[in-house]
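# Descriptive analysis of the structure
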Amino acid sequence: MAQRENTDPQKMEKIVSLCKSKGFIYQSAELYGGLNGCWDYGPLGAELKRNLKEYWWRKNVQERDDILGMDGSILTHQAVLTASGHVGGFSDPMCDCLLSKARLRADQIEPQTGTAYHYTGASHSESGWSVEKPFSVLIDPSANQDENKARKTAKQYYAQFLSDKQIAPKKLELAGETTTEEVDTTQYNPENGSLLTEPREFNLMFQTKMGASSDDNDPNAVAYLRPETAQTIFVQYKNVLDSSRVKLPFGIAQIGKAFRNEINPRNFTFRSREFEQMEIEFFCRPEDGLRLTDEWLEARLSFYEEIGIPRTKLHILDVPDGERAHYSAKTYDIEYEFPFGIQELEGVAYRGAYDLTKHQDHSGKNIEYFDEETKERFIPHVVEPSAGCDRTVLALLCESYEVEDLTKEGGKKDERTVMRFKPCIAPIKAAILPLLKNKPELVAKAKEVQHLLQPFMNVFYDEAAAIGRRYRRQDEIGTPFCIAIDFETLGEEGPNGEDLTDTVTIRHRDSMEQERVAIKDLLPWLLERIR
Ligand code: ATP
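Right, let's walk through the structure included here. (Residues numbered from 1 in each chain as written. Predicted model: local features only at pLDDT ≥ 70, side-chain atom pairs only at ≥ 80, totals over all residues. Heavy atoms only, no water.)

## Section: the site of the ligand
Counted only if it meets this: The rule for a residue being near a molecule or strand is that one of its heavy atoms must lie within 4 Å of it. For this analysis, a polar contact is any N or O atom pair within 3.5 Å, provided that within protein one partner can donate a hydrogen and the other can accept it, and provided that sequence-adjacent residues contribute only side-chain to side-chain pairs. Accessibility throughout is a Shrake-Rupley quantity obtained with a 1.4 Å probe, and a residue counts as covered only by protein chains that appear here. Under the DSSP-based scheme used, a helix requires at least four consecutive residues in state H or I and a strand at least two consecutive residues in state E, with every element numbered from the N terminus. Under the convention adopted here, Pro, Cys and the residues Ala, Val, Leu, Ile, Met, Phe, Trp and Tyr are nonpolar, Asp, Glu, Lys and Arg are charged, and Gly plus all remaining residues are polar.
Residues in close proximity to the ligand total 14 residues, the closest being Glu 262, Arg 271, Ser 272, Glu 344 and Leu 345. Contacts to the ligand include Ser 272, whose backbone N or O atom sits 2.8 Å from a nitrogen atom. The backbone of Leu 345 places a nitrogen or oxygen atom 2.8 Å from an oxygen atom of the ligand. Contact with the protein chains covers 79% of the free accessible surface of the ligand, which is 590 Å². For the shell around the ligand, the secondary-structure elements that each account for two or more residues are β15 (274-284), β18 (341-352) and β21 (381-388). Among the elements that line the shell around the ligand, the one with the most residues is β18, at four residues. Partitioning the shell around the ligand into residue classes produces three nonpolar, five polar and six charged.

## Topic: unusual backbone geometry
The bulk of non-glycine residues show a negative phi, and the bulk of peptide bonds are trans. Cis rather than trans, the peptide bond between Leu 248 and Pro 249 has omega equal to -5°. Note that Pro 249 resides in the loop between α5 (230-244) and β14 (250-259). For Met 512, which is not glycine, the phi dihedral falls at a positive 65°. Within the secondary structure, Met 512 sits in the loop between β27 (503-508) and β28 (514-518).

## Focus: the pairing of β21
Quick reminder of the rule: Per-residue accessibility, obtained with a 1.4 Å probe over protein chains only, is compared with the maximum for each type, and a residue is labelled buried under 20%, exposed over 50%, and partly exposed between these values. For two strands to pair, DSSP has to find at least two bridges joining them.
The buried fraction of β21 amounts to eight of the eight residues, a majority that puts the element mostly inside the structure. Here β21 shows a buried face lined by His 381, Val 383, Pro 385 and Ala 387 and a second buried face lined by Val 382, Glu 384, Ser 386 and Gly 388. The pairing of β15 with β21 spans six bridges and is classified as antiparallel. Its bridge partner being in β21, Phe 283 is matched across the sheet by Val 382. Summarising the sheet, β18 and β21 pair through six bridges and their orientation is antiparallel. Counted as the bridge partner of Gly 352 is Val 382 from β21.

See below:
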């Protein structure tokens, strides 16, 4: 079994580089130095992401009788997020390093033991400059650190306030040095010993103003970019119920953007500030909640398998008591073995009646369910499978990427990069390749094939370079089928004297094997394999 910390940074680097060079994913605003935590999907990435979302929608909405879709607004009324607990909650305790200005999650700082050196200020007698500000440094005597390290760090800190930057930090004189012994303190930056600011709650939501004359004091002028798609579903649950006359159990599904001002966006698109979620809120009778949570876990694992992420690479974390949200009786995290470690792809959470009850209380409107058979009125419970679209795209990229060693004819070693996307997910389903570009009959036939397929799937026409090179280019972007139009297509005899007129060669990406298919059978042949 893979280790949680088992990582492969080189592989990740290669994937990031391929994503840029082939047009899957680019850094947002790269031209201007990049917008941290934001990503743009290029031509192939946009197709890949669309295919994933369409597959999810087809499986979870269109092919089920008990789930309805919706598409809610991104701008969210602050009352919605006050009721849900996001306003006033949804924050991480953060502190800043006084020396390097690095921002750290207060609850993630390792406790340290050592001697703290405290100062009241610093001065430079030659120029008459001085500053009065308390500052402290923690040193670890067991690691051979002494007062010199403390003094050097303190001088670097005070040098930030110098108006004359020509004065070297070591020329400063420190004032009021005292020491204390500290045990298991989390008030110092483990990287450099500098004192940290007191932890402050850092809200992860993006707030914005609505209306031309938005006034700071008008609470209705404040809106938020939603931090999850779920709340739109909860606040529209009653409308969907009334307009669709569905009965419990039923779900509402939504795919859409969510925004979180993550402190430390990292691991490519894994932790972004703008991302897309694919969420289902599945409403049920209270007695069915736990059973449905387990059923949803299985359904979601099967989904990942269908799109090409094998069970063996998925880990189920049964989130223990104390680590789950207080209202959740059961939560599973579905994790994937990314090259940067085992990390969450999706959460399947039993949320009880928490969300709907909160919205009923805060809005003052009755949103109970009326069971016509039993004549009961109650707030349904909810099971939430909540997947990250960008994280799943990233998992698909990581899972599909392979550099394969090959032996060419004559024994020469070769390697090919291949993205082994399942055909249902692959950005391009088939490449259409005339054997030669300077033979008008071949080109005309290839264009005919292109026009035949184009209304039904994303195909790509390529006539540049030798056919072998063109196959490799398609392997690198994960096109499952290459269709070659050759002289046999035009009526030349086959190798065994057979008539191959109006047939094409289909080359399979994974096995590199080839077969001949009649053009008239091509469309059903492909449709059967790409859904
Ligand atoms: P994490 O613990 O990784 O921050 P979370 O438990 O806060 O995630 P949820 O609130 O359960 O995440 O959101 C559901 C899903 O949305 C996650 O499983 C993930 O796939 C996706 N997601 C959440 N935050 C981000 C993010 N910053 N960037 C990309 N995807 C995200």
